[in-house]
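Results of the structural survey
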Amino acid sequence: MTDFQKKILTIIQSHFPITPRPYAVLAEQLASDEQTVYDAVGELCASGQIRRIGASINSRKVGYVSTLAALAVPAERVDEVAALINAYPGVTHNYQRENHYNLWFTLIAAEL
């Protein structure tokens, strides 16, 4: 990862510009140009350094609760179990980790 990419990550982790042209705003902050920033973010995505760019919403403020859960799933059943979990509409993330608890997911639901 280049120093330029590190600077981009530092900014976008907490202050991603919410504007029609966010990469132009980032370019201005980084003394660069829009295409260079866009390409650098694309490289970070392609390499797996960035998994997603999206909003983080405080679920409690909009009437929801969420939880993080972890399962210990036999390696040969991870895909099957992940598909079952993903079938639930409230699942927002589902990912595999190298750990005894190897399948993690988050679930969100309306607060009662």
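Residues numbered from 1 in each chain as written. Predicted model: local features only at pLDDT ≥ 70, side-chain atom pairs only at ≥ 80, totals over all residues. Heavy atoms only, no water.

Here the focus is the packing of aromatic side chains. The description of two aromatic rings rests on the distance between their centres and on the angle between their planes. Scanning the entire structure with this criterion turns up two aromatic pairs. Between Phe16 and Tyr23, the aromatic rings sit 6.1 Å apart at their centres with planes inclined by 80°, giving edge-to-face as the arrangement. Accessibility expressed as a relative area gives 16% for Tyr23, which makes it buried. For the pair Tyr23 and Tyr38, a centre-to-centre distance of 5.2 Å together with 90° between the ring planes defines the contact as edge-to-face. Pair noted here: Tyr23 is in helix α2 (residues 22-29) and Tyr38 is in helix α3 (residues 34-46), with a separation of 15 residues, a long-range link. One aromatic cluster is present, built from ring pairs that chain together Phe16, Tyr23 and Tyr38. Looking at Arg97, its charged tip hangs above the ring of Trp104, at a distance of 4.9 Å from the centre. (Phe/Tyr/Trp six-rings, centres within 6.5 Å; stacked < 30°, edge-to-face > 60°. Buried < 20%, exposed > 50% of the residue type's maximum accessible area, 1.4 Å probe, protein only. Helix = DSSP H or I, 4+ residues; strand = E, 2+ residues; numbered from the N terminus. Lys NZ or Arg CZ within 6 Å of the ring centre and 35° of its normal.)

An ideal rise of 1.5 Å per residue puts 18 Å on 13 residues; helix α1 (residues 3-15) measures up with 18 Å between its terminal C-alpha atoms. Among all positions in α1, only Gln5, Ile8, Leu9, Ile11 and Ile12 are buried. Summarising the contacts, the buried residues of α1 are in contact with α2 and α3. (Expected span 1.5 Å × (residues − 1). Contact = heavy atoms within 4.5 Å.)

Under the definition given, this model contains two salt bridges. With a closest N to O distance of 2.2 Å, Glu34 and Arg21 form a salt bridge. Within this pair, whereas Glu34 is found in helix α3, its partner Arg21 is found in the loop between α1 and α2, the two being separated by 13 residues in sequence. (Salt bridge = Lys/Arg side-chain N within 4 Å of Asp/Glu carboxyl O.)

What follows concerns the packing of α2 against α3. It is the contact of α2 with α3, at a shortest axis distance of 8 Å, that shows an interaxial angle of 105°. Judged by the angle between their axes, α2 and α3 are roughly perpendicular. Judged by residue contacts, Tyr23, Ala24, Leu26 and Ala27 of α2 engage Glu34, Val37, Tyr38 and Val41 from α3. A breakdown of the residues in the contact of α2 with α3 according to their chemical character gives seven nonpolar, no polar and one charged. (Axes fitted to C-alpha atoms, helices over the stretch in contact; angles between N-to-C directions. Parallel < 35°, antiparallel > 145°, perpendicular 65-115°, else oblique. Nonpolar A, V, L, I, M, F, W, Y, C, P; charged D, E, K, R; others polar.)

Turning our eyes to something else, we now look at a nonpolar patch on the surface. The grouping of Ile57, Val62, Tyr64 and Ile108 at the surface amounts to a nonpolar patch, some 370 Å² of accessible area in total. Structurally, Ile108 can be placed in strand β3 (residues 103-110). (Patch = residues over 30% accessible without salt bridge, like charges linked within 9 Å, V, L, I, M, F, W, Y side chains within 5 Å. Areas by Shrake-Rupley, 256 points an atom, 1.4 Å probe, with all protein chains shown as cover.)

Quick look at the sheet that holds strand β1 (residues 64-71) now. Overall, antiparallel pairing links the three strands, which are arranged β1-β3-β2 in an open sheet. With one partner strand each, in any of the chains shown, β1 and β2 (91-96) form the two edges of the open sheet. Taken pair by pair, the neighbouring strands of this sheet meet at an average axis angle of 15°, ignoring direction. Bridge analysis of β1 against β3 gives eight bridges, and the strand direction is antiparallel. Each bridged residue has a counterpart across the sheet, and for Ser66 the counterpart in β3 is Ile108. (Pairing = 2+ DSSP bridges.)

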